[in-house]
Amino acid sequence: MDCSVCTSMPVQLRPPRNTICGACYEGARSLISFINKLEAAQGIDKANLCKNLTNVSRWVIDMKESSHQLNEKIKFLSGFVVAFRDQIHTDIQLSSGAKGPPIPAHRALLAIRSEIFSNILDSDGCKAPPNDDTITLPELNNEELESLLEFLYSGDLPEERMSKQVYSLSLAADKYGITYLQKLCERHMLKSLSSSNALDVLEVADTCSFLTLKENALDFIVKNMQEIVFSAKYDAFAIKNPHLSVQITRASLMDTKKIVLISTAYMYIGSGILAR
Ligand SMILES: [Zn+2]
């Protein structure tokens, strides 16, 4: 079809050169709907929402400018990481549960990022201030402690480290009340859910009360029951988490019941059609 938008030779089209193909039409509609959704979320009045493509280029330029400003802001704020890596004016040390030298950090940053650290550091708080200026996080090893601190300073972690340490970081985020890290860990586990990690994800989601993640993991296990429940990993999981094993069994039975009900309904519909 002659399309005045995506053709490489628009001059060859027959006048009035105003037809567009299905793909370009759908693309334009989705673009308008996407912009409207974002603008409505910003509280823009319904009457002023985008109705055609006239303002799309202005909108894209504005978005690019705002993204550029955000990047500059992030660059400005990332000075904290430099202070951590170069150990500039550090005033507290953090130790892991494993052997290894403590890692120097900054009291103010720890207190801002976590209410629990704030309580530990606050002499007027419910907990006593740390002895000899060292806080110990016994549940983490050295590598995990380094990652936690790097995250607290930069708000980010390389994908590879996140994949390797996501369970211990989730538990630490839960224990020390670091909401943003909890969200990132939950999103990461949801994205990487598979037969090989579904039981670990379910266990962490249950401990950290990640409700959506727990629901997704349970659903995934039920859908891949044979592969997961008959694996060697499940034996150890069931001994450690009897309550979760009960929940898996119940979810599986409910799922089977649902399938039987749907099949019976189809059977009745089918026999009704045949009887006519
Ligand atoms: Zn087209």
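Placed above this text is the structure.
Below, the structure is looked at part by part.

Rules behind the numbers
- Residues numbered from 1 in each chain as written.
- Predicted model: local features only at pLDDT ≥ 70, side-chain atom pairs only at ≥ 80, totals over all residues.
- Heavy atoms only, no water.
- Helix = DSSP H or I, 4+ residues; strand = E, 2+ residues; numbered from the N terminus.
- Rg over C-alpha atoms; globule rule 2.2 N^0.38 Å.
- Buried < 20%, exposed > 50% of the residue type's maximum accessible area, 1.4 Å probe, protein only.
- Contact = heavy atoms within 4.5 Å.
- Areas by Shrake-Rupley, 256 points an atom, 1.4 Å probe, with all protein chains shown as cover.
- Lys, Arg positive; Asp, Glu negative; His and termini not counted.
- Charge placed at Lys NZ, Arg CZ, Asp CG, Glu CD.
- Salt bridge = Lys/Arg side-chain N within 4 Å of Asp/Glu carboxyl O.
- Axes fitted to C-alpha atoms, helices over the stretch in contact; angles between N-to-C directions.
- Parallel < 35°, antiparallel > 145°, perpendicular 65-115°, else oblique.
- Left-handed = near helix turned anticlockwise from the far one by under 90°.
- Nonpolar A, V, L, I, M, F, W, Y, C, P; charged D, E, K, R; others polar.
- Phe/Tyr/Trp six-rings, centres within 6.5 Å; stacked < 30°, edge-to-face > 60°.

### Re the overall build of the protein chain
Then, number 1: Looking only at helices and strands, one finds 13 helices and three strands in the protein chain.
Then, number 2: Computed over its C-alpha atoms, the radius of gyration of the protein chain comes to 27 Å, more than 25% above the 19 Å expected for a compact globule of 276 residues.
Then, number 3: Every one of the 276 residues in the protein chain was classed for burial, and the buried ones make up 32%.
Then, number 4: Taking contacts inside the protein chain between residues at least 6 apart in sequence as the whole, the part at least 24 apart equals 49%.
Then, number 5: Taken as a whole, the protein chain presents about 18200 Å² of accessible surface, with 58% of it coming from carbon and sulfur.
Then, number 6: Both charge centroids of the protein chain, one from 29 positive and one from 32 negative side chains, sit 9 Å from each other.

### Considering the pattern of salt bridges
Then, number 1: Counted under the stated rule, the structure contains nine salt bridges.
Then, number 2: Two residues, Lys175 and Glu139, come together in a salt bridge whose shortest N-O distance is 2.9 Å. Placement of the pair is Lys175 in helix α7 (residues 159-175) and Glu139 in the loop between β3 (134-137) and α6 (142-154), with a sequence separation of 36 residues.
Then, number 3: Note on Lys175: relative accessible area 43%, which makes it partly exposed.
Then, number 4: Note on Glu139: relative accessible area 34%, which makes it partly exposed.
Then, number 5: Of the charged contacts, one joins Lys240 and Glu203 as a salt bridge, the two residues approaching to 2.6 Å between their closest N and O atoms. Of the two residues, Lys240 is situated in helix α12 (residues 232-240) and Glu203 in helix α9 (residues 198-207); the sequence distance between them amounts to 37 residues.
Then, number 6: Of the residues examined, Lys240 reaches a relative accessible area of 58% and is grouped as exposed.
Then, number 7: For Glu203, a relative accessible area of 17% gives the class buried.

### Some remarks on the environment of Asn36
Then, number 1: Turning to its location among the elements, Asn36 is positioned in helix α1 (residues 22-41).
Then, number 2: A sequence separation of 31 residues divides Asn36 from Val5, and the C-alpha atoms of the two residues are 22 Å apart.

### Here we look at the packing of helix α8 (residues 179-191) against helix α10 (residues 211-223)
Then, number 1: At a minimum axis distance of 10 Å, the contact between α8 and α10 shows a crossing angle of 15°. Classified by the angle their axes make, α8 and α10 are roughly parallel. Between α8 and α10 lies a crossing of left-handed hand. The residues of α10 that touch α8, namely those facing Glu186, Met189 and Leu190, are Thr212, Leu213 and Asn216.
Then, number 2: Split by residue class, the contact of α8 with α10 holds three nonpolar, two polar and one charged.

### A closer look at the packing of aromatic side chains
Then, number 1: By the definition in use, this model includes five aromatic pairs.
Then, number 2: Relative to Tyr176, the ring of Phe117 has its centre 4.9 Å away and its plane inclined at 10°; by these criteria the two rings are stacked. Residue Phe117 is found in helix α5 (residues 115-121), and its partner Tyr176 is found in the loop between α7 and α8; the two are separated by 59 residues along the sequence. In this pair, the class of Phe117 matches that of Tyr176, namely buried.
Then, number 3: An angle of 40° between the planes, with centres 5.7 Å apart, marks the rings of Phe151 and Tyr180 as tilted. You can see Phe151 sitting in helix α6 and its partner Tyr180 sitting in helix α8, a full 29 residues away along the chain.
Then, number 4: On the basis of relative accessible area, Phe151 is assigned to the buried category, the value being 3%.

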